[in-house]
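Spelled out from the first residue to the last, the chains are:
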Amino acid sequence: QVQLVESGGGLVQAGGSLRLSCTASGIIFSINAMDWYRQVPGNQRELVAAITSGGSTNYADSVKGRFTISRDNAKNTVYLQMNSLKPEDTAVYYCSADIRRRVYNDNFHAWGQGTQVTVSS
């Protein structure tokens with residue numbers, strides 16, 4: 001099938017940086033948009049950043065100028081560089097991807113398992 005595996009979360013002090021990675025594997029023909037979401041318990045999951053296969057990006061207002069999304073299409077990997085982190089960035093971060101699958105020849109929206117980011121004040 002298709003899997004997304006995230007890494008890079010952890011505990012960091014306010015003002016610090018973290019880099020998240022997410023790699024897709026499985027029966028992949030191609031990957032269109034790749035995104036990062038985050039969720040705080042009791043709140044809805046919110047879109048943090050998105051990137052198309054061509055490299056166009058979009059960011060939530062709360063992270064503009066601090067976070068950068070990028071991808072390596074050869075590695076089926078998306079990154080989220082997070083700088084100037086704030087305590088309000090604390091959340092579980094999830095990657096997602098719109099994947100064209102082999103075998104089934106369909107479009108499939110995949111999610112990663114999530115990685116915790118905690119920013120201490």
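Residues numbered from 1 in each chain as written. Predicted model: local features only at pLDDT ≥ 70, side-chain atom pairs only at ≥ 80, totals over all residues. Heavy atoms only, no water.

**Q** Outline the overall build of the protein chain, supporting the account with residue identities and numerical values.
**A** Along the backbone of the protein chain there are 0 helices and 11 strands. Ordered by position from N to C terminus, the α and β elements of the protein chain give β-β-β-β-β-β-β-β-β-β-β. Counting the 121 residues in the protein chain, one finds 41% classified as buried. Expressed as a percentage of contacts within the protein chain between residues at least 6 apart in sequence, the contacts between residues at least 24 apart total 57%. Of the roughly 6300 Å² of accessible surface on the protein chain, 47% is carried by carbon and sulfur atoms. Charged side chains of the protein chain number 11 positive and 9 negative; the gap between the two group centres comes to 5 Å. (Helix = DSSP H or I, 4+ residues; strand = E, 2+ residues; numbered from the N terminus. Buried < 20%, exposed > 50% of the residue type's maximum accessible area, 1.4 Å probe, protein only. Contact = heavy atoms within 4.5 Å. Areas by Shrake-Rupley, 256 points an atom, 1.4 Å probe, with all protein chains shown as cover. Lys, Arg positive; Asp, Glu negative; His and termini not counted. Charge placed at Lys NZ, Arg CZ, Asp CG, Glu CD.)

**Q** A description of the environment of Asp-89 should follow, citing residues and the corresponding values.
**A** Relative to the elements of secondary structure, Asp-89 occurs in the loop between strand E8 (77–82) and strand E9 (91–101). Judged by relative accessible area, Asp-89 falls into the buried class, the value being 1%. Sequence-wise, Asp-89 and Arg-38 are 51 residues apart; in three dimensions their C-alpha atoms are separated by 8.6 Å. Ignoring sequence-local partners within four residues, the contact set of Asp-89 consists of Arg-38, Arg-66, Phe-67, Ser-84, Val-117 and Val-119. At 3.0 Å, the side chain of Asp-89 forms a polar contact with the side chain of Arg-38. (Polar contact = N/O pair within 3.5 Å; in protein donor to acceptor, adjacent residues only side chain to side chain.)

**Q** Residues and numbers for the pattern of salt bridges, please.
**A** One pass over the structure, following the stated rule, counts 5 salt bridges. Salt-bridge contacts for Arg-38 lead to Glu-46; the nearest nitrogen and oxygen are separated by 2.6 Å. Bridged by salt links that share partners, the residues Arg-38, Glu-46, Arg-66 and Asp-89 form one connected network. (Salt bridge = Lys/Arg side-chain N within 4 Å of Asp/Glu carboxyl O.)

**Q** Lay out the pairing of strand E1 (residues 2–7) with the relevant residues and their values.
**A** Only one face of E1 is buried: it carries Val-2, Leu-4 and Glu-6, and the other face, with Gln-3, Val-5 and Ser-7, is open. Across 6 bridges, the pairing between E1 and strand E3 (residues 18–26) is antiparallel. Residue pairing across strands places Leu-4 opposite Ala-24, the latter belonging to E3. (Pairing = 2+ DSSP bridges.)

**Q** Go over the side chain of Thr-77 with me, naming the residues and quoting the values.
**A** Residue placement: Thr-77 occurs in strand E8. At 2.9 Å, the side chain of Thr-77 and the side chain of Thr-23 are in polar contact. Look past the residues within four positions of Thr-77 in its chain and what remains in contact with it is Cys-22, Thr-23, Met-34, Ser-70, Arg-71 and Asp-72.

**Q** Help me get a handle on the state of the cysteines, residues and values and all.
**A** What the rule picks out here adds up to 1 disulfide. Paired through a disulfide, Cys-22 and Cys-95 show a sulfur-sulfur distance of 1.9 Å. As the torsion about the S-S bond is roughly 45°, the Cys-22-Cys-95 disulfide counts as right-handed. Of this pair, Cys-22 sits in strand E3 while Cys-95 sits in strand E9; the two residues are 73 residues apart in sequence, bridging distant segments of the chain. (Disulfide = S-S within 2.5 Å.)

Functional significance is not addressed by these values, which are geometric in nature.
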